[in-house]
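For reference, the chains in residue letters:
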Amino acid sequence: MKRRGGIQIMGKLIGLIRPLLHVMAVAVLLGVAGYLCAIFLTVMAGAGILNVMGLWKFGSLTAIFVCLVAAAVLRGILHYGEQACNHYIAFKLLALIRHQVFAVLRKLCPAKLDGKDKGNLISIITSDIELLEVFYAHTISPIVIAVLTSLIMEIFFFKYHILIGAFALLGYLAIGVLVPVWNSKRGSDKGMEFRTKFGDLNSFVLDSLRGLDETIQYGCGEKREKQMSKKSCELDEKQKYMKKLEGTQRGVTNVLILIFSFGMLFLSTWLYQMGQMDFQGVLLCTILMMSSFGPVVALSSLSNNLMQTLASGERVLALLEEEPRIEEVENQPEAQFDSITCENLDFAYEEEQILKNYSISISKGSRIGIHGKSGSGKSTLLKLLMRFYDVDGGKIQIGDREIKTVNTRELRNMESYVTQETCLFHDSIANNIAVAKLGASREEVEEAAKKASLHDFIMSLPQGYDTPVGELGDTLSGGEKQRIGLARAFLHDAPLLLLDEPTSNLDSLNESIILHSLKEKCGDKTVILVSHRESTMAATQKVYQMDNGRIS
Ligand code: ATP
Ligand code: MG
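Okay, so let's go over this structure.

Where strand E1 (residues 340-348) meets strand E2 (residues 353-362), 6 bridges bridge the pair, whose relative direction is antiparallel. Bridge pairing in E2 places leucine 345 opposite tyrosine 358. Hairpin remark: E1 followed by E2, antiparallel, with 4 residues in the connecting loop.

Structure follows, in structure tokens:
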């Protein structure tokens, strides 16, 4: 993956703020006013002490005290206001980014989820997006606030003396620019490595949870545990390294603050001795210098989180910009379902060619079977007919329309696809069937369940159709899940049924009920049935043999 520079990532992320710029402006104003209040507080405190010592007559002590209290209260209010604005922006934007990510995922799937990277995807959707809160709430406005506050201070310093102004500028630049740039140079790769390793660990944990039964059965618990702790240790090492960077950064910043504060004291004293400044100037400039590092220190420590935040930003942006393997089709003339012809199809998921020069034609209303060795590409052919992927060579046509020119929504309505593994949602059985048709009535759901030989089983459950299905359908048997998949296909009521091993987990009684439904109740539908079972193939009119992507 080509990586963008930090500035580019920031630019892209800031681009998203445009609609909320006015809130950001308020946040910056409140932030600058807040810092000025804080600086004013120190100056007033200093003035109070000098007043008592009789070194600087500066109004009455009571007036100074009232000013101090007022500034302190105001500082709190301003800070609260700034944080409220920033968090308003951050959470609005996180919601917006989540929307965008889900919209992109809809375009990228199912090909994206067919791939290997689910755990990584989960960490992008959850923790990476979450981390962007730091960027929006605690990064952009501090930068602007630091620049503006330092500018205001500079005007004051330069008015006193050009050397004082130049020295203060050097201090601000060293802490607010040099330290963060140096720090992020040291650690930017580590930030990305940390986020990637975090994603890896997520994938591994997800995998381990799914494969718990197998792990116990084959006694690999210890091995997996070792692998998991190795991954955790690696992550820990990375984190330790980053904490170390953070430590040195804080140390260097504090040393610089001391150097520049005392430097200012020496410089102004020298200027006083040369007769170029009065005594109050010495005191005021030194106090101001000491108390005005706040905004640039905020910048300096930004770079610690920034490495990770930008790495997260990069991962989110990369996902947002990922090109889908297929483009959704819209606004094309309406298409009617007709016979299907596949001409000289070539297809590869990655390098390995799965279909080579593969042709088949299926006339409308026919019921055909596809039989072949495991891994020969039967499921792949069904996915191509669903247009989950585009073919690399050759073409698929519905009637005289190429599949690539049929509106995606129409195509999905034309086809019911029962996959080899039915995925169930953590919901009632009725709702699990009803996903196949928006707003399906209970009667329609029951009708579909009857066709899929599922009705009697459901009625035997204590809560009938309202029985909840456990997560991933774990409370149902393989055959029951399969029949829910079939019930969905019957409910969807599309002219083309693509059935991938629909009977592999069924006993012969259930199988015959389903084949009967297919033959008698779906008479006018086109059915493509993939199966290894002879008895299932008997329900078809013609069986094609598939051998490594070639029909024989
Ligand atoms: P079975 O009878 O076992 O279901 P099949 O004929 O349906 O086999 P396919 O699922 O079409 O076989 O797979 C064909 C080949 O493509 C296999 O070698 C498989 O490993 C590979 N394959 C399937 N899906 C992917 C994917 N998403 N990415 C990469 N390779 C894949
Ligand atoms: Mg298959």
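Here the narrative resumes, following the displayed structure.
In terms of nonpolar packing, the biggest core is built from 35 residues, with Ile433, Leu454, Ile458 and Leu499 touching the most fellow members. Put simply, the parts of the chain that give this core at least two residues each are helix H14 (429-434), helix H15 (442-451), helix H16 (455-459), helix H17 (478-492), strand E7 (496-500), helix H18 (508-521) and strand E8 (526-530). Examining the composition of this core, we find that 6 residues originate from one element, H17, more than from any other. Contacts of isoleucine 433, omitting those with residues within four sequence positions, involve Val445, Ala449, Leu454, Ile458, Ile484, Ala487, Arg488 and Leu491.

A separate point is the coordination of the magnesium ion (ligand 2). Coordination of the magnesium ion (ligand 2) by the protein involves Ser379 (OG) and Gln420 (OE1), with metal-donor separations of 1.9 to 2.3 Å. Placement of serine 379 in helix H12 (residues 378-385) and of glutamine 420 in the loop between strand E6 (415-418) and H14 is noted, with a sequence separation of 41 residues between them. Judged by its relative accessible area of 18%, serine 379 is buried. Given the relative accessible area of 43%, glutamine 420 is considered partly exposed.

Moving on: the side chain of serine 261. Considering the arrangement of structural elements, one finds serine 261 in helix H9 (residues 221-273). From its side chain, serine 261 meets the backbone oxygen of isoleucine 257 in a polar contact 2.7 Å long. Apart from residues lying up to four places away in sequence, serine 261 is in contact with Thr286, Met289, Met290 and Phe293.

So, about the site of ligand 1. In the vicinity of ligand 1 there are 14 residues, among which Ser374, Gly375, Lys378, Ser379 and Thr380 approach most closely. A distance of 3.2 Å separates an oxygen atom of ligand 1 from a polar atom in the backbone of serine 376. A distance of 2.7 Å separates an oxygen atom of ligand 1 from a polar side-chain atom of lysine 378. Here ligand 1 has 650 Å² of accessible area as a free molecule, and 70% of this is covered by the chains.

Another point: the environment of threonine 215. Inspection of the secondary structure assignment puts threonine 215 in helix H8 (residues 212-217). Exposure remark for threonine 215: the relative accessible area of 13% places this residue in the buried category. Setting aside anything within four residues of it in sequence, one finds threonine 215 in contact with Cys220, Gly221 and Arg224.

One way to put it is that helix H2 (residues 21-53) packs onto helix H3 (residues 61-108) with a least axis distance of 8 Å and a crossing angle of 160°. Here H3 runs roughly antiparallel to H2, going by the angle between their axes. Crossing angle aside, the handedness with which H2 passes H3 is left-handed. Within the contact of H2 with H3, the residues separate by chemical class into 26 nonpolar, 6 polar and 2 charged.

Below, the discussion takes up H17. The end-to-end C-alpha separation of H17 is 21 Å, in line with the 21 Å expected for 15 residues at 1.5 Å each. Counted residue by residue, H17 has 12 buried out of 15 residues, so it is predominantly covered. Looking at the buried side of H17, the elements it contacts are E6, H14, H15, H16, E7 and H18. At the C-terminal side of H17, aspartate 493 shows a positive phi close to 55°.

To continue, consider the sheet that holds E2. Spatial ordering of the open sheet is given by E2-E1-E4-E5, a layout of 4 strands whose pairing is antiparallel. In the strand order of this sheet, the two ends are held by E2 and strand E5 (401-402), each with one partner. In this sheet, E5 lies alongside strand E4 (residues 393-398) in antiparallel orientation, the contact comprising 2 bridges. Across the sheet, the residue bridging to glutamine 397 is glutamate 402, located in E5.

Turning our attention to a nonpolar patch on the surface. A surface patch of nonpolar side chains, amounting to about 500 Å² of accessible area, comprises Ile49, Met53, Leu55, Tyr272 and Phe279. Tracing the backbone through its elements, the reader meets isoleucine 49 in helix H2. With relative accessibility at 54%, the residue isoleucine 49 sits in the exposed group.

Attention now moves to the pattern of salt bridges. A full pass over the atoms with the stated rule returns 16 salt bridges. With its nearest N and O atoms 3.3 Å apart, the salt bridge here joins glutamate 193 to lysine 238. Taken as a pair, glutamate 193 in helix H7 (residues 162-210) and lysine 238 in helix H9 lie far apart in primary sequence, 45 residues in all. Accessibility expressed as a relative area gives 30% for glutamate 193, which makes it partly exposed. Between glutamate 237 and lysine 240 there is a salt bridge whose closest N-O contact spans 4.0 Å.

The rules behind these values
- Residues numbered from 1 in each chain as written.
- Chains lettered and ligands numbered in written order.
- Predicted model: local features only at pLDDT ≥ 70, side-chain atom pairs only at ≥ 80, totals over all residues.
- Heavy atoms only, no water.
- Pairing = 2+ DSSP bridges.
- Helix = DSSP H or I, 4+ residues; strand = E, 2+ residues; numbered from the N terminus.
- Core = buried A, V, L, I, M, F, W, Y, C linked by side-chain atoms within 4.5 Å.
- Buried < 20%, exposed > 50% of the residue type's maximum accessible area, 1.4 Å probe, protein only.
- Contact = heavy atoms within 4.5 Å.
- Donors = N, O, S within 2.8 Å, 3.2 Å for Na, K, Ca; no water.
- Polar contact = N/O pair within 3.5 Å; in protein donor to acceptor, adjacent residues only side chain to side chain.
- Near = heavy atom within 4 Å.
- Areas by Shrake-Rupley, 256 points an atom, 1.4 Å probe, with all protein chains shown as cover.
- Axes fitted to C-alpha atoms, helices over the stretch in contact; angles between N-to-C directions.
- Parallel < 35°, antiparallel > 145°, perpendicular 65-115°, else oblique.
- Left-handed = near helix turned anticlockwise from the far one by under 90°.
- Nonpolar A, V, L, I, M, F, W, Y, C, P; charged D, E, K, R; others polar.
- Expected span 1.5 Å × (residues − 1).
- Patch = residues over 30% accessible without salt bridge, like charges linked within 9 Å, V, L, I, M, F, W, Y side chains within 5 Å.
- Salt bridge = Lys/Arg side-chain N within 4 Å of Asp/Glu carboxyl O.

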